[in-house]
Amino acid sequence: MIFELPILKFEHDALEPYISARSIELHYGKVFRFYVNNVNRLMDEFKLTTGLLSIIKNRLGCPALYYNASEVWNHEFYFEQLSPSPKTMPEGNLLLEINRAFGSIDEFKNEFDRISISIFGSGYTWLSQQEDGTLIITQEANAKNPIIRNCKPLLSCDLWEHAYFVDYQCRRADYIANLWNIIDWDVIERRFDN
Ligand code: MN
């Protein structure tokens, strides 16, 4: 075993009513674990011992390894930013950059929601910092991640149906709107400052 499932920093029912324990059990306990197991199996098959970022950036091994490695990275990133007791507003330089790029935090959230709702099929919405320091919201299909375009991801929204179908069925917009209640801006600020 090269990679292990990261430990969640909250109980499975801690994000209720926004995300149920059942949904966390499936998304974290089954889907995320499935990707981790696939990466370990394929790393073994291709005799690789490198880190996830190297696999993602250099597309090592085979396409399945790239996709599964990207999903392991994406899921660690997604779950890390969720908290039952989040910091609800960004401050400092991150807030300044959000205001510069989008006008205000509310306008940023509206734009992030709009882009998230419009994705066709599976994927993610990302807030990232570009090489020139400015912020950008992008939509990425399936496992793709803005790292491969030299962007620094700050915040993500998992828009695969497995992320919300248990709790919201087809109401993707409600899932996206509710996610703001459990996004911990303390984590996003740390990513920005890092
Ligand atoms: Mn997912």
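Above this text is the structure in question.
Calculation rules
Residues numbered from 1 in each chain as written. Predicted model: local features only at pLDDT ≥ 70, side-chain atom pairs only at ≥ 80, totals over all residues. Heavy atoms only, no water. Helix = DSSP H or I, 4+ residues; strand = E, 2+ residues; numbered from the N terminus. Buried < 20%, exposed > 50% of the residue type's maximum accessible area, 1.4 Å probe, protein only. Contact = heavy atoms within 4.5 Å. Areas by Shrake-Rupley, 256 points an atom, 1.4 Å probe, with all protein chains shown as cover. Donors = N, O, S within 2.8 Å, 3.2 Å for Na, K, Ca; no water. Phe/Tyr/Trp six-rings, centres within 6.5 Å; stacked < 30°, edge-to-face > 60°. Lys NZ or Arg CZ within 6 Å of the ring centre and 35° of its normal. Pairing = 2+ DSSP bridges. Axes fitted to C-alpha atoms, helices over the stretch in contact; angles between N-to-C directions. Parallel < 35°, antiparallel > 145°, perpendicular 65-115°, else oblique. Nonpolar A, V, L, I, M, F, W, Y, C, P; charged D, E, K, R; others polar. Arc of directions from axis to C-beta.

A. Region of the structure containing the overall build of the protein chain. Along the protein chain, the regular secondary structure elements total eight helices and three strands. Reading the protein chain from its N terminus to its C terminus gives the helix and strand order α-α-α-α-α-β-β-β-α-α-α. Its C-alpha atoms give the protein chain principal-axis dimensions of about 50 × 40 × 30 Å. For the protein chain, the proportion of its 194 residues judged to be buried stands at 52%. In the protein chain, of all internal contacts separated by at least 6 residues, the share reaching a separation of at least 24 is 66%. Total accessible area computed for the protein chain in this model is approximately 9500 Å², and 50% of it derives from carbon and sulfur atoms.

B. Broad picture of the coordination of the manganese ion. Around the manganese ion, the protein supplies His-27 (NE2), His-75 (NE2), Asp-158 (OD) and His-162 (NE2) as donor atoms, at distances of 1.9 to 2.2 Å. Judged by its relative accessible area of 2%, His-27 falls in the buried class.

C. Quick peek at the packing of aromatic side chains. Counted under the stated rule, the structure contains 19 aromatic pairs. Measuring from ring centre to ring centre gives 6.2 Å for Phe-108 and Trp-185, while their planes differ by 75°; the resulting arrangement is edge-to-face. Taken together, the positions of Phe-108 in helix α5 (residues 105-117) and Trp-185 in helix α8 (residues 185-193) put the pair 77 residues apart, joining distant regions of the chain. The class of Phe-108 is buried, set by a relative accessible area of 0%. For Trp-185, a relative accessible area of 1% translates into the label buried. Taking the centre distance of 6.0 Å and the plane angle of 55° together, the rings of Tyr-168 and Tyr-175 count as tilted. Of the two residues, Tyr-168 and Tyr-175, both sit in the buried class. Connected via pairs of aromatic rings, a cluster forms that spans Phe-102, Phe-108, Phe-112, Trp-180 and Trp-185. In this arrangement the basic side chain of Arg-59 is found over the ring face of Tyr-66, its NZ or CZ atom lying 3.8 Å from the centre. Against the face of Phe-77 rests Arg-191, its NZ or CZ located 3.4 Å from the ring centre.

D. Focus on the sheet that holds strand β1 (residues 123-129). What the three strands build is an open sheet, ordered β2-β1-β3; its pairing is antiparallel. Every interior strand has two partners, whereas the edge strands, β2 (135-141) and β3 (152-158), have only one. The sheet shows a mean angle of 25° between the axes of neighbouring strands, direction not considered. Here β1 runs beside β2; their pairing, made up of seven bridges, is antiparallel. By the bridge assignment, Gly-123 is partnered in β2 with Ala-141.

E. Expanded view of the packing of helix α6 (residues 161-168) against helix α7 (residues 172-179). Relative to each other, α6 and α7 sit at 100°, their axes nearing to 9 Å. With respect to α7, the axis of α6 lies roughly perpendicular. Here Ala-163, Tyr-164 and Tyr-168 of α6 lie close against α7, whose contacting residues are Arg-172, Asp-174, Tyr-175 and Asn-178. For the contact of α6 with α7, the residue count by class is four nonpolar, one polar and two charged.

F. Quick peek at α7. For α7, the complete set of buried residues consists of Arg-172, Tyr-175, Ile-176 and Leu-179. Buried residues along α7 cover an arc of 95° about the axis, so they all sit on one side. Contacts from the buried residues of α7 go to α3 (63-80), α5, β3 and α6.

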